[in-house]
Amino acid sequence: MNAVPTLDPASSLAWPLTRLMWIVFALGGAVFVAVATFTAYYAWRYRHRGARGEPPQIFGNAREEVLWMVGAAALLAGLFALAWWTMNRVDPAPPAGRTPDVIVTGHQWYWEAAYPAAGGRGAVRVANEVHIPAGQRLLVELRSADVIHDLWLPRLGRKMDAVPGQSNWLWLEADRPGRYGGTCAEFCGAQHAWMRLDVVADAPEAFGAWLAAQARSAAPPSVAAAQAGAALFAREGCGTCHALRGVGARGGPGPDLTHFASRQIIAGGVLTNTPANLRTWLRAPQAVKPGTRMPTYPLTDADLGHLGAYLGGLK
C-alpha cells in the first residue's frame, strides 16, 4: 500500500486549504525568525563586558508593550478571518433537503461507500473505494457503524470525524481522473492502521458506466469451480456477514461482495486484490490482520480454490 501524500493538492477544495497552511507556516516562520534574531542581537548587544555592579534597570515601556500586543492581535485576527473565509469556501452548508450523493460509513476496519441514487438508498455498496466523477462536486454523508473514525483524504483536502449516531457532511471533488489515497486518522482499534481507502476519480462517462455495472446483481458462477465456491459460500453462512445482491445474501457487518473482483484492495488495504492474496486472506485472516472481524474457517486447499474462483468472478 502506497504512502498517503499530504502536500500535493488535487482538488479545488484542497487548494485553498493548502494555501492557508502555507500562509500560516510562512507567518509563523517569520515571527519565529524575528524573535530569534532580536533575542540573539540583544543577547550580544548587552552581553557582560566586565563592568562591575548592576546595570541600569528598565521596568516596562507602555508604548512598546501596546505595539507588541496590537501587532500580535492584528496578526491573529487576520489569520482568523482568512481561516473563516477559507472554511466557508470549501465547506459550504449543503442545501436544505439535499440528499447525499454518497454515504461513506466507517467500520472496524474498512470503509464502505453507498450510492443512494443507484437503485435506492444503499443499493450499491462498495468497500475500500469511493468512485466519483472527476471535476464534479459530490455531497457525502459521513457515518460510523461502531466507534469514532476520521476520514482523511489529504490530496482532496478532506478530513472529518465519523461519529456513531450522527451524520456529518462534506463535499468531495477531484480536479482530474486518478486514484487518491486516504486513511482513518482517528485511532479506532487494533487495526486502525489498516483502514485505508482510495477515492477513484473517473471521467464522467466512465463513472456512469462503473455505477451502472455496480448496480447489477452478482454474476452467476459460470464454471464448475465457481459453482462449488458459491455452494460453499452458502453452506458456510458467509451471507450472514456479507451481502451478495441477487442471490439472497444480505449480511451487513462485512463488506458487500457483489462486485468483489472489481476492487483493487481488500481487507482495508492490507492486501492488493490478487488471487494469491485472496487465498492467503481466506486461509488465515487473523494472521494477516489480527483482530479483524473475519473469522478463520477450516478450509481445505480445494475449498480455497473454489471460493477464489467464485469471488474472482464477481466483477
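It should be emphasised that the depicted structure is a prediction, and the values quoted were computed from it without experimental measurement.

### Focus: the overall build of the protein chain
Broken down by element type, the protein chain carries seven helices and 14 strands. For a compact globule of 315 residues, the expected C-alpha radius of gyration is about 20 Å, and the protein chain comes in at 27 Å, more than 25% above that figure. Along the three orthogonal principal directions, the C-alpha set of the protein chain runs to about 100 × 45 × 35 Å. Taken over 315 residues, the protein chain has a buried fraction of 39%. Taking the intrachain contacts of the protein chain between residues at least 6 apart in sequence as the baseline, contacts between residues at least 24 apart amount to 63%.

### Focus: helix α1 (residues 14-45)
Counted at 1.5 Å a residue, the expected span for α1 with its 32 residues is 46 Å, and the 46 Å between its end C-alpha atoms agrees. Residues of α1 that are buried sit in contact with α2 (62-90).

### Side note on the pattern of salt bridges
The final tally for this structure, using the stated rule, is 13 salt bridges. When the shortest N-O distance is used, the salt bridge between arginine 245 and aspartate 256 registers 4.0 Å. Of the two residues, arginine 245 sits in the loop between β11 (243-244) and β12 (249-250) while aspartate 256 sits in the loop between β12 and β13 (265-266), which places them eleven residues apart along the sequence. Each of Glu112, Arg125, Arg245 and Asp256 takes part in one network of salt bridges that share partners.

### A word on unusual backbone geometry
The amide bond that connects glutamine 108 to the next residue, tryptophan 109, takes the cis arrangement and shows omega of 0 degrees. Within the fold, tryptophan 109 resides in the loop between β1 (102-107) and β2 (110-115). Although it is not a glycine, alanine 267 adopts a positive phi angle of roughly 55 degrees. Positionally, alanine 267 belongs in the loop between β13 and β14 (271-272).

### Concerning the packing of α1 against α2
Remark: α1 packs on α2, axes separated minimally by 10 Å, with the N-to-C direction vectors making an angle of 170 degrees. When the axes of α1 and α2 are compared, the pair comes out roughly antiparallel. Residues Pro16, Leu17, Arg19, Leu20, Ile23, Val24, Leu27 and Val31 of α1 form the contact with α2, whose participating residues are Leu75, Leu79, Leu82, Ala83, Thr86, Met87, Arg89 and Val90. Looking at the contact of α1 with α2 residue by residue, the class counts come to 13 nonpolar, one polar and two charged.

### Focus on the sheet that holds strand β6 (residues 149-153)
By way of backbone hydrogen bonds, the strands of a sheet pair with one another, either parallel or antiparallel. Overall, mixed pairing links the five strands, which are arranged β4-β10-β9-β6-β7 in an open sheet. The open sheet terminates on both sides in strands that have one partner only, identified here as β4 (129-133) and β7 (158-162). The mean angle between the axes of side-by-side strands here comes to 20 degrees, regardless of whether they run parallel or antiparallel. In terms of strand pairing, β4 meets strand β10 (residues 197-202) through five bridges, oriented parallel. For proline 133, the partnering residue across the bridge sits in β10 and is aspartate 202. The strands touched by helix α3 (residues 204-214) are β4 and β10; relative to β4, the strand with the most contacts, the crossing angle is about 130 degrees.

### With respect to the nonpolar core
When a protein is soluble and globular, its nonpolar side chains tend to lie buried together. With 33 residues, the main nonpolar core has Val102, Trp111, Tyr115, Val130, Ile132, Leu172 and Val199 as its most contacted residues. Residues within four places of valine 199 in sequence aside, it is in contact with Val130, Ile132, Leu153, Leu156, Leu172, Gly178, Arg179 and Tyr180. Within the second largest apolar cluster, 22 residues are counted, among which are Ala218, Leu232, Ala267 and Leu311.

### Some remarks on the sheet that holds strand β3 (residues 124-127)
Here five strands make up an open sheet; going across it, the order is β3-β2-β1-β5-β8 and the pairing mixed. Either end of the sheet is taken by a strand with one partner, and the two such strands are β3 and β8 (168-172). Across this sheet, the average inter-strand angle for adjacent strands is 25 degrees, counted without regard to direction. As defined by bridge partners, β1 adjoins strand β5 (residues 138-144) across five bridges and the pair is classed as parallel. Across the sheet, threonine 105 pairs through a bridge with arginine 143, a residue of β5. Packing against the sheet, α3 makes contact with β2 and β3, and its axis sits at approximately 105 degrees to β3.

What counts and what doesn't
- Residues numbered from 1 in each chain as written.
- Predicted model: local features only at pLDDT ≥ 70, side-chain atom pairs only at ≥ 80, totals over all residues.
- Heavy atoms only, no water.
- Helix = DSSP H or I, 4+ residues; strand = E, 2+ residues; numbered from the N terminus.
- Rg over C-alpha atoms; globule rule 2.2 N^0.38 Å.
- Buried < 20%, exposed > 50% of the residue type's maximum accessible area, 1.4 Å probe, protein only.
- Contact = heavy atoms within 4.5 Å.
- Expected span 1.5 Å × (residues − 1).
- Salt bridge = Lys/Arg side-chain N within 4 Å of Asp/Glu carboxyl O.
- Axes fitted to C-alpha atoms, helices over the stretch in contact; angles between N-to-C directions.
- Parallel < 35°, antiparallel > 145°, perpendicular 65-115°, else oblique.
- Nonpolar A, V, L, I, M, F, W, Y, C, P; charged D, E, K, R; others polar.
- Pairing = 2+ DSSP bridges.
- Core = buried A, V, L, I, M, F, W, Y, C linked by side-chain atoms within 4.5 Å.

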